[in-house]
Every structure is written in structure tokens, then in C-alpha cells.
Amino acid sequence: MVVLEAEIRDEPRTPPAAGDGPRRARRRPAGSPLRWLLLSVLFVVMIVPVYLLVVNAFKSQQDILDSPFSLPLGGLTLEHLSAAVNSPQYNVIGGYGFTLFLVVIVDVLCILLAGPAAYAIARSLKRRTQLVLLYFLAGTFIPGAAVIIPVIYVLREIGLANTVTGLVAHDVASTLPVSIFLFVGFIRTIPVDIDHAATIDGAGRYRTFWTIIFPLLRPAVVTVLILNSIGIWNDFVSPQILLSPSSGHYTVTTAIYAGISQYSTDLTKVFPNLLLAVAPVIIFFIYMQRHIISGLTVGAVKG
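Note that the coordinates shown come from a computational prediction; the quantities given were computed from them, not determined experimentally.

Cut-offs applied
Residues numbered from 1 in each chain as written. Predicted model: local features only at pLDDT ≥ 70, side-chain atom pairs only at ≥ 80, totals over all residues. Heavy atoms only, no water. Helix = DSSP H or I, 4+ residues; strand = E, 2+ residues; numbered from the N terminus. Buried < 20%, exposed > 50% of the residue type's maximum accessible area, 1.4 Å probe, protein only. Contact = heavy atoms within 4.5 Å. Areas by Shrake-Rupley, 256 points an atom, 1.4 Å probe, with all protein chains shown as cover. pLDDT = per-residue confidence, 0-100. Phe/Tyr/Trp six-rings, centres within 6.5 Å; stacked < 30°, edge-to-face > 60°. Polar contact = N/O pair within 3.5 Å; in protein donor to acceptor, adjacent residues only side chain to side chain. Axes fitted to C-alpha atoms, helices over the stretch in contact; angles between N-to-C directions. Parallel < 35°, antiparallel > 145°, perpendicular 65-115°, else oblique. Left-handed = near helix turned anticlockwise from the far one by under 90°. Nonpolar A, V, L, I, M, F, W, Y, C, P; charged D, E, K, R; others polar. Patch = residues over 30% accessible without salt bridge, like charges linked within 9 Å, V, L, I, M, F, W, Y side chains within 5 Å. Salt bridge = Lys/Arg side-chain N within 4 Å of Asp/Glu carboxyl O. Core = buried A, V, L, I, M, F, W, Y, C linked by side-chain atoms within 4.5 Å.

S.K.: Looking at this model, I keep getting lost on the overall build of the protein. Mind explaining?
M.R.: Looking only at helices and strands, one finds 14 helices and 0 strands in the protein. In sequence order, the protein lays out its α and β elements as α-α-α-α-α-α-α-α-α-α-α-α-α-α. When burial is assessed residue by residue, the protein has 32% of its 303 residues classed as buried. A separation threshold of at least 6 residues defines the contact pool for the protein, and within that pool the share at least 24 residues apart is 73%. Within the structure as shown, the protein displays about 19300 Å² of accessible surface, and the carbon and sulfur contribution to it stands at 67%.

S.K.: Just checking my understanding: could you explain unusual backbone geometry for this structure?
M.R.: Trans is the common state for peptide bonds, and a negative phi is the common state for residues other than glycine. A positive phi angle, near 60°, is found at Asn-162, a position not held by glycine. Relative accessible area serves as the criterion here: at 33%, Asn-162 is assigned to the partly exposed category.

S.K.: Would you mind going over the confidence of the model for the protein with me for this structure?
M.R.: Predicted coordinates in areas of low pLDDT are best not read in detail. For the protein, the average pLDDT comes to 81, and 82% of its residues sit at 70 or higher. Looking over the protein, one finds the lowest element-wise mean pLDDT in helix H1 (residues 2-10), namely 45, and the highest in helix H8 (residues 164-187), namely 92. In this model, residues 1-9 is a region of pLDDT below 50 whose contacts with residues beyond four sequence positions or in other chains number 0 contacts. Low pLDDT, under 50, characterises residues 299-303; the stretch is placed with 6 contacts to residues that sit more than four places away or in other chains.

S.K.: Explanation requested: the packing of aromatic side chains in the structure shown.
M.R.: The geometry of an aromatic ring pair is captured by the separation of the ring centres together with the interplanar angle, meaning the angle of the planes. Taken as a whole and judged by the stated rule, the model has 7 aromatic pairs. With centroids separated by 5.6 Å and ring planes inclined at 35°, the aromatic side chains of Tyr-96 and Trp-233 adopt a geometry described as tilted. Placement of Tyr-96 in helix H5 (residues 92-122) and of Trp-233 in helix H11 (residues 218-234) is noted, with a sequence separation of 137 residues between them. Since its relative accessible area comes to 12%, Trp-233 is described here as buried. Through a chain of ring-to-ring contacts, the aromatic side chains of Tyr-119, Phe-209, Trp-210 and Phe-214 assemble into a single cluster.

S.K.: I keep staring at the side chain of Thr-251 and nothing clicks. Help me out?
M.R.: Structurally, the position occupied by Thr-251 is in the loop between helix H12 (237-242) and helix H13 (252-260). A distance of 3.2 Å separates the side chain of Thr-251 from the side chain of Thr-253, its partner in a polar contact. Contact partners of Thr-251, with chain neighbours within four places excluded, come to Gly-95, Phe-98, Thr-99, Leu-102, Asp-235 and Pro-239.

S.K.: Can you help me understand the packing of H8 against H11 in this one?
M.R.: Geometrically, a packed helix pair is captured by the angle between its two axes and the distance between the axes. The N-to-C vectors of H8 and H11 enclose an angle of 155°; their axes lie 10 Å apart at closest approach. Classified by the interaxial angle, the pair formed by H8 and H11 is roughly antiparallel. Handedness of the H8/H11 crossing: right-handed. Where H8 approaches H11, its residues Asp-171, Thr-175, Ser-179, Leu-182, Phe-183 and Phe-186 are matched on the opposing element by Pro-219, Ala-220, Val-221, Thr-223, Val-224, Leu-227, Asn-228 and Ile-232. Residue composition of the contact of H8 with H11, grouped by class: 9 nonpolar, 4 polar and 1 charged.

S.K.: Can you help me understand the packing of H5 against helix H10 (residues 205-216) in this one?
M.R.: Here H5 crosses H10 at 105°, and the two axes come no closer than 11 Å. The angle between H5 and H10 falls in the class roughly perpendicular. Each of Ile-111, Leu-112, Gly-115, Pro-116 and Tyr-119 in H5 lies in contact with H10, whose residues at this interface are Arg-205, Thr-208, Phe-209, Trp-210, Ile-213 and Phe-214. In terms of residue class, the contact of H5 with H10 is made up of 8 nonpolar, 2 polar and 1 charged.

S.K.: So what exactly am I meant to see when it comes to the environment of Val-270 here?
M.R.: As for its position among the elements, Val-270 is in helix H14 (residues 267-298). A relative accessible area of 13% places Val-270 in the buried class. Once the C-alpha coordinates of Val-270 and Ala-57 are considered, the two residues, 213 residues apart in sequence, prove to be 8.1 Å apart.

S.K.: Is there a simple way to think about a nonpolar patch on the surface in this case?
M.R.: Nonpolar side chains collect at one region of the surface, where Phe-43, Val-44, Ile-47, Val-50, Val-54, Ile-282, Phe-285 and Ile-286 lie side by side and expose about 670 Å² of accessible area between them. Only helix H2 (33-56) and H14 provide two or more residues apiece to the nonpolar patch. Sorting elements by how many residues they give to the nonpolar patch places H2 first, with 5 residues. Along the chain, Val-54 falls in helix H2.

S.K.: How should the environment of Val-132 be read in this particular structure?
M.R.: By the secondary structure assignment, Val-132 is in helix H6 (residues 127-138). When the C-alpha atoms of Val-132 and Ala-117 are compared, they prove to be 9.9 Å apart, with 15 residues separating the residues in sequence.

S.K.: What exactly am I supposed to notice about the nonpolar core here?
M.R.: In terms of nonpolar packing, the biggest core is built from 36 residues, with Ile-180, Phe-183, Val-184, Ile-187, Ile-213, Leu-217 and Leu-242 touching the most fellow members. Looking at this core, the elements that each hand over two or more residues are H5, helix H7 (148-157), H8, H10 and H11. Per element, the largest residue contribution to this core is 11 residues, and it comes from H5. With residues near it in sequence (within four places) discarded, Val-184 still touches Ala-118, Ile-121, Ala-122 and Leu-133. Among the nonpolar cores identified, the runner-up in size contains 19 residues, and Ile-64, Trp-233, Leu-267 and Met-288 belong to it.

Following this line, the structure appears as C-alpha cells:
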């Protein structure tokens, strides 16, 4: 028996056949043809409008009508883009300043309100607190254009109709649901022991949040700021309806609409102004997209 056991131990072990290994060890293809086909179609659908906008912003009217997809290097000119920048009718550059003001003030107020609210919801186990979270989540499923008429009546009742303050209040309220949702998901990944340690050191709830929890929310805060900024910059319905032309305030989108609505057939005015409106937000998104992805995924899994 001892000799047989020794012989069995000394026998060389043959490697397993290729088909005997576990299925999970097999290498999978990098991507199926169908996947690449869908990605290619999606890329074309998204890039073609941007290409048309950029190329036709530097063409003459006749070149745009004859060959909108072509790229005549000899016929490109900066004349129409310069005219759009200096034109007093469109005032797109002036709209930059007012839109940037809206972006900054709404982002600051949103963080000041959404942060403490999300902290209270995330740290509470009461049923009514979770119902409050569901109430905020319901706001993400309601289109903004569907509530614009009730908002007008509310602003009239409180004396904020056709004012910048009313527009800011509306934009802050519309950005709170998504902001609170992202903050709650991220705060729940932070151990509660940090709060207990701060309480032992004598810190209250507000001090614990602003001095300890809020610095840890940096990825989520950056994501919220980016999403809110892009949404406010591209918003057209709210400033167009809540701020009449008599107010004298124009965002980038409403300034372009007020300027080119009477020259809609003059494509040398339409394309340059549209390019001026979307160029900053496209550059901003391309530069900050990695922060959006990281901020959305950091609080997705607790670990």
C-alpha cells in the first residue's frame, strides 16, 4: 500500500484539456458586432448635428443651401461669427453674463439646501423620513414644462412674477430632487461611526455635516454642480415664460430666440448664434465628463 501510494504521488499530472476548464475562465470576445454597430449608429446620430452646426457657422448662405455637409476650406469665413458676437440684436455675449449669474446663484442655493436635507434623510431610519425622500424622487419624474403654468400663478400670488428672484426660486426648486437623491446615496456609504465620534467630541448635527461629512461629499457635489449648470445653461422654457421681454434680462437661449426669430431664414445668423450658445457647454461637458461618471458611481455600491 505504501509503494502504491508513493507511485501515485510520483506520477506526473497532465494539464487539463482546453474544454475541461471552468466556463468562466474562457476568454470572451471584446465586443460583439451588434454592439459595435449600435455604438456606431449612436455616435453618428449624435455627431452629425454638431458637425452641421460647426461647419455651417463659417459658410455663406449659398454654400449652406447648396452643400450643408461639405467642408469647403476655401469658402470658410469668420465674418458671420464676428457679426453674431458684435450684433446688438442678439446680445448673446450679454446673455453669457446673466446665464452665468443664474448658474452660480442656483448652484450655491441648491447645495446649501440639498446638503443638510440629504444628511437628515440618510441618517434617519424613520418611515416618514423615507416618505420625504420618495416625495423628492417624485419630482424627478415630472416634466418641468408641465408645471410651468402653476408656477406662474404661485409667483404672481407671492409677488415674484416676471422677476429674477422668481426665476432663481423656480430653478432651485427644480434642481433639488436630483441633488438630494445623489447626496442621500453617497452619505449612506459614509460610516455612521464618524458621526458618533464627532458627537463625542462635542460637535452638533450642523457642525458634523459641514465640517466632516460635507468635505467627503466632494465627488457628489461636483456631479451635482455639473448637471445643474448644464441644465440651467440649456434651459429655454423657464426663462422665456417666467421672464418677459419687458424685464430686460435674457439668458443665452432666450437672447438667441429673440434675435434670430425674425431672421429665421437667414442661416448665416442662425448657425453662428447657435454655435455661440452651445460651444461653452460642450467644452465644459467634455472637460468635466470624468467627474460626472465618478460622482455617479462612487455612491452606487456600499463597500
